[in-house]
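# Descriptive analysis of the structure
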Amino acid sequence: DKIIGNIAALVDHKDHSTFIDCAEILLRNNPEFKFVIAGDGELRESLEAKAALKGLSDKIFFLGFRADVPDVIADFNIFLFTSKTEGLGTSILDAFAAGIPTVATAAGGIPEIVEDQKTGLLCPIADPAKLATAVLSLLNDERLAKKMVSSASEKLDLFSLENLGLKTFEQYKIVLN
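Below: a short report on this structure. (Residues numbered from 1 in each chain as written. Predicted model: local features only at pLDDT ≥ 70, side-chain atom pairs only at ≥ 80, totals over all residues. Heavy atoms only, no water.)

In space, the six strands of this open sheet follow the order E3-E2-E1-E4-E5-E6, with parallel pairing throughout. A strand with exactly one partner marks an edge of an open sheet, and here the two such strands are strand E3 (60–64) and strand E6 (121–123). Strand-to-strand twist of the sheet, defined as the mean angle between neighbouring strand axes without regard to direction, takes the value 20 degrees. In the packing of helix H1 (residues 16–29) onto the sheet, the strands contacted are strand E1 (3–7), strand E2 (34–38), E3 and strand E4 (78–81), and the crossing angle to E2 comes to about 170 degrees. (Pairing = 2+ DSSP bridges. Helix = DSSP H or I, 4+ residues; strand = E, 2+ residues; numbered from the N terminus. Axes fitted to C-alpha atoms, helices over the stretch in contact; angles between N-to-C directions. Contact = heavy atoms within 4.5 Å.)

Below, the structure written as C-alpha coordinates:
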(Lines give C-alpha, C1' and ligand atoms only; values in the text may rest on other atoms or scores of the structure.)
Protein backbone atom coordinates (compact mmCIF):
# COMPACT_ATOMS: atom_id res chain seq x y z
CA ASP A 1 0.00 0.00 0.00
CA LYS A 2 1.06 3.56 -0.67
CA ILE A 3 0.65 5.94 2.26
CA ILE A 4 0.01 9.62 1.66
CA GLY A 5 0.32 11.53 4.90
CA ASN A 6 0.15 14.85 6.65
CA ILE A 7 1.35 16.14 10.01
CA ALA A 8 -0.37 19.33 11.19
CA ALA A 9 -2.75 20.77 13.73
CA LEU A 10 -6.37 20.16 12.76
CA VAL A 11 -7.26 23.81 12.32
CA ASP A 12 -8.90 25.72 9.47
CA HIS A 13 -5.80 27.19 7.81
CA LYS A 14 -4.20 23.74 7.42
CA ASP A 15 -7.13 22.87 5.11
CA HIS A 16 -7.43 19.16 5.81
CA SER A 17 -10.78 19.33 4.03
CA THR A 18 -8.84 19.66 0.76
CA PHE A 19 -6.62 16.76 1.88
CA ILE A 20 -9.77 14.60 2.23
CA ASP A 21 -11.10 15.73 -1.17
CA CYS A 22 -7.72 14.90 -2.72
CA ALA A 23 -7.80 11.47 -1.06
CA GLU A 24 -11.21 10.82 -2.58
CA ILE A 25 -9.85 11.60 -6.06
CA LEU A 26 -6.74 9.48 -5.57
CA LEU A 27 -8.78 6.51 -4.34
CA ARG A 28 -10.67 6.49 -7.63
CA ASN A 29 -7.30 5.88 -9.28
CA ASN A 30 -6.07 3.33 -6.74
CA PRO A 31 -8.35 1.95 -4.01
CA GLU A 32 -5.30 0.54 -2.20
CA PHE A 33 -3.96 3.97 -1.18
CA LYS A 34 -4.01 4.81 2.53
CA PHE A 35 -4.05 8.30 4.05
CA VAL A 36 -2.73 9.36 7.43
CA ILE A 37 -3.35 12.61 9.26
CA ALA A 38 -1.34 13.07 12.44
CA GLY A 39 -2.28 15.99 14.63
CA ASP A 40 -5.11 17.16 16.79
CA GLY A 41 -7.27 20.22 17.03
CA GLU A 42 -10.69 21.80 17.00
CA LEU A 43 -11.67 20.35 13.60
CA ARG A 44 -10.93 16.69 14.30
CA GLU A 45 -14.56 15.64 14.73
CA SER A 46 -15.79 17.50 11.65
CA LEU A 47 -12.93 16.15 9.52
CA GLU A 48 -13.59 12.59 10.69
CA ALA A 49 -17.28 13.15 9.90
CA LYS A 50 -16.43 14.41 6.41
CA ALA A 51 -14.26 11.34 5.76
CA ALA A 52 -17.08 9.09 7.00
CA LEU A 53 -19.67 10.89 4.85
CA LYS A 54 -17.50 10.23 1.80
CA GLY A 55 -17.14 6.57 2.80
CA LEU A 56 -13.42 6.95 3.48
CA SER A 57 -13.21 6.00 7.16
CA ASP A 58 -11.34 2.82 6.29
CA LYS A 59 -8.84 4.73 4.09
CA ILE A 60 -8.10 7.89 6.09
CA PHE A 61 -6.60 7.38 9.52
CA PHE A 62 -6.59 10.15 12.11
CA LEU A 63 -3.75 9.47 14.53
CA GLY A 64 -4.20 12.44 16.86
CA PHE A 65 -1.23 14.22 18.43
CA ARG A 66 2.00 12.29 18.04
CA ALA A 67 5.30 12.86 19.82
CA ASP A 68 7.05 10.46 17.41
CA VAL A 69 6.69 12.55 14.24
CA PRO A 70 9.91 11.26 12.59
CA ASP A 71 8.70 7.67 12.99
CA VAL A 72 5.26 8.50 11.57
CA ILE A 73 6.64 10.41 8.58
CA ALA A 74 9.12 7.62 7.81
CA ASP A 75 6.16 5.40 6.83
CA PHE A 76 4.81 7.88 4.25
CA ASN A 77 5.38 7.47 0.53
CA ILE A 78 4.27 11.08 -0.07
CA PHE A 79 3.94 14.02 2.28
CA LEU A 80 0.85 16.04 1.28
CA PHE A 81 0.59 19.53 2.81
CA THR A 82 -2.65 21.36 1.93
CA SER A 83 -2.51 24.63 3.90
CA LYS A 84 -4.31 27.70 2.61
CA THR A 85 -2.17 30.05 4.71
CA GLU A 86 1.16 29.22 6.28
CA GLY A 87 4.18 30.90 7.82
CA LEU A 88 6.75 28.29 6.83
CA GLY A 89 5.39 24.78 7.29
CA THR A 90 7.98 23.15 9.52
CA SER A 91 6.38 19.73 9.03
CA ILE A 92 7.65 19.97 5.46
CA LEU A 93 11.18 20.24 6.86
CA ASP A 94 10.48 17.05 8.84
CA ALA A 95 9.42 15.33 5.60
CA PHE A 96 12.59 16.59 3.87
CA ALA A 97 14.68 15.20 6.75
CA ALA A 98 12.95 11.83 6.42
CA GLY A 99 13.55 11.73 2.65
CA ILE A 100 9.84 11.78 1.79
CA PRO A 101 8.76 13.38 -1.52
CA THR A 102 6.53 16.38 -0.89
CA VAL A 103 3.47 17.88 -2.55
CA ALA A 104 2.28 21.17 -1.06
CA THR A 105 0.16 24.21 -1.76
CA ALA A 106 1.81 27.49 -2.71
CA ALA A 107 0.57 29.18 0.46
CA GLY A 108 2.46 31.79 2.48
CA GLY A 109 6.08 30.83 3.09
CA ILE A 110 5.81 27.30 1.69
CA PRO A 111 7.40 28.24 -1.68
CA GLU A 112 10.50 29.33 0.26
CA ILE A 113 11.19 25.68 1.06
CA VAL A 114 9.23 23.76 -1.57
CA GLU A 115 10.66 24.92 -4.86
CA ASP A 116 8.33 23.62 -7.55
CA GLN A 117 9.88 20.84 -9.63
CA LYS A 118 13.07 21.02 -7.54
CA THR A 119 12.44 20.17 -3.86
CA GLY A 120 8.81 19.13 -4.31
CA LEU A 121 5.68 19.92 -6.26
CA LEU A 122 3.64 23.05 -5.60
CA CYS A 123 -0.05 23.31 -6.38
CA PRO A 124 -2.69 26.03 -6.12
CA ILE A 125 -4.45 26.43 -2.78
CA ALA A 126 -7.69 24.42 -2.36
CA ASP A 127 -7.29 22.50 -5.64
CA PRO A 128 -7.65 18.80 -4.79
CA ALA A 129 -7.53 17.72 -8.45
CA LYS A 130 -4.14 19.37 -9.05
CA LEU A 131 -2.84 18.02 -5.74
CA ALA A 132 -3.95 14.51 -6.74
CA THR A 133 -2.23 14.85 -10.13
CA ALA A 134 0.98 15.96 -8.40
CA VAL A 135 0.85 13.06 -5.92
CA LEU A 136 0.38 10.58 -8.76
CA SER A 137 3.23 12.08 -10.75
CA LEU A 138 5.63 11.50 -7.85
CA LEU A 139 4.32 8.01 -7.16
CA ASN A 140 4.60 7.08 -10.85
CA ASP A 141 8.02 8.62 -11.50
CA GLU A 142 10.50 7.23 -8.99
CA ARG A 143 13.40 9.03 -10.67
CA LEU A 144 11.68 12.41 -10.30
CA ALA A 145 10.78 11.67 -6.68
CA LYS A 146 14.39 10.71 -5.84
CA LYS A 147 15.72 13.84 -7.55
CA MET A 148 13.37 16.02 -5.50
CA VAL A 149 14.27 14.23 -2.26
CA SER A 150 17.95 14.83 -2.97
CA SER A 151 17.38 18.55 -3.65
CA ALA A 152 15.15 18.81 -0.58
CA SER A 153 17.92 17.33 1.56
CA GLU A 154 20.31 20.02 0.31
CA LYS A 155 17.70 22.72 0.96
CA LEU A 156 17.22 21.42 4.50
CA ASP A 157 20.78 22.47 5.37
CA LEU A 158 19.72 26.11 4.97
CA PHE A 159 17.29 25.63 7.86
CA SER A 160 19.73 24.11 10.35
CA LEU A 161 19.84 25.76 13.77
CA GLU A 162 23.37 26.94 13.03
CA ASN A 163 22.42 28.61 9.73
CA LEU A 164 19.27 30.15 11.19
CA GLY A 165 21.26 31.47 14.14
CA LEU A 166 23.86 33.01 11.84
CA LYS A 167 21.19 34.64 9.67
CA THR A 168 19.43 36.03 12.74
CA PHE A 169 22.73 37.38 14.08
CA GLU A 170 23.44 39.07 10.73
CA GLN A 171 20.02 40.74 10.81
CA TYR A 172 20.63 42.02 14.34
CA LYS A 173 23.96 43.50 13.22
CA ILE A 174 22.21 45.29 10.35
CA VAL A 175 19.48 46.67 12.60
CA LEU A 176 21.87 47.76 15.35
CA ASN A 177 24.31 49.53 13.01
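The next point concerns the nonpolar core. Counting residues in each nonpolar core, the largest one holds 30 residues, and the members touching the most others are Phe-35, Ile-60 and Val-103. Those elements that provide at least two residues to this core are H1, E2, helix H2 (44–53), E3, E4, E6, helix H6 (128–140) and helix H7 (142–156). Residues contacting Ile-60, with those up to four places away along its chain left out, are Ile-20, Ala-23, Phe-35, Ile-37 and Ala-51. (Core = buried A, V, L, I, M, F, W, Y, C linked by side-chain atoms within 4.5 Å. Buried < 20%, exposed > 50% of the residue type's maximum accessible area, 1.4 Å probe, protein only.)

The next point concerns the state of the cysteines. Under the definition given, this model contains zero disulfides. This cysteine, Cys-22, is not joined by any disulfide, and Cys-123 carries the nearest cysteine sulfur, 8.2 Å off. The class of Cys-22 is buried, set by a relative accessible area of 0%. On the accessibility criterion, Cys-123 (7% relative accessible area) is buried. (Disulfide = S-S within 2.5 Å.)

Pairs can form between side chains of opposite charge whenever their charged atoms are close. Applying the stated criterion across every chain, the model contains 13 salt bridges. Between Glu-115 and Lys-155 there is a salt bridge, with its nearest N and O atoms 2.9 Å apart. Of this pair, Glu-115 sits in the loop between helix H5 (110–113) and E6 while Lys-155 sits in helix H7; the two residues are 40 residues apart in sequence, bridging distant segments of the chain. Glu-115 gets classed as partly exposed once you look at its relative accessible area, which sits at 27%. (Salt bridge = Lys/Arg side-chain N within 4 Å of Asp/Glu carboxyl O.)

We now examine the packing of aromatic side chains. All chains considered together, the criterion is met by three aromatic pairs. Summarising the aromatic geometry, the rings of Phe-76 and Phe-79 are spaced 6.3 Å apart at their centres and angled 25 degrees between planes, so their arrangement reads as stacked. Across the pair, Phe-79 and Phe-76 agree in class, each one buried. For Phe-79, a relative accessible area of 0% puts it in the buried group. These aromatic residues form a ring-pair network of at least three members: Phe-76, Phe-79 and Phe-81. (Phe/Tyr/Trp six-rings, centres within 6.5 Å; stacked < 30°, edge-to-face > 60°.)

Our focus in this paragraph is the packing of H1 against H2. One can describe the packing of H1 onto H2 by two numbers: an axis separation of 10 Å at closest approach and a directional angle of 15 degrees. Comparing the axis directions of H1 and H2 gives the class roughly parallel. When you trace H1 past H2, the crossing you get is right-handed. Note on element contacts: H2 touches H1 through Leu-47, Lys-50 and Ala-51, opposite His-16, Ser-17, Ile-20 and Asp-21. Residues of the contact of H1 with H2, tallied by class, amount to three nonpolar, two polar and two charged. (Parallel < 35°, antiparallel > 145°, perpendicular 65-115°, else oblique. Left-handed = near helix turned anticlockwise from the far one by under 90°. Nonpolar A, V, L, I, M, F, W, Y, C, P; charged D, E, K, R; others polar.)

Looking now at a nonpolar patch on the surface. Among the surface-exposed residues, Tyr-172, Val-175 and Leu-176 lie close enough to one another that they form a single nonpolar patch of about 390 Å² accessible area. By the secondary structure assignment, Leu-176 is in helix H8 (residues 161–176). Judged by relative accessible area, Leu-176 falls into the exposed class, the value being 69%. (Patch = residues over 30% accessible without salt bridge, like charges linked within 9 Å, V, L, I, M, F, W, Y side chains within 5 Å. Areas by Shrake-Rupley, 256 points an atom, 1.4 Å probe, with all protein chains shown as cover.)

Take it as geometry only, folks, not as evidence of what the structure does.
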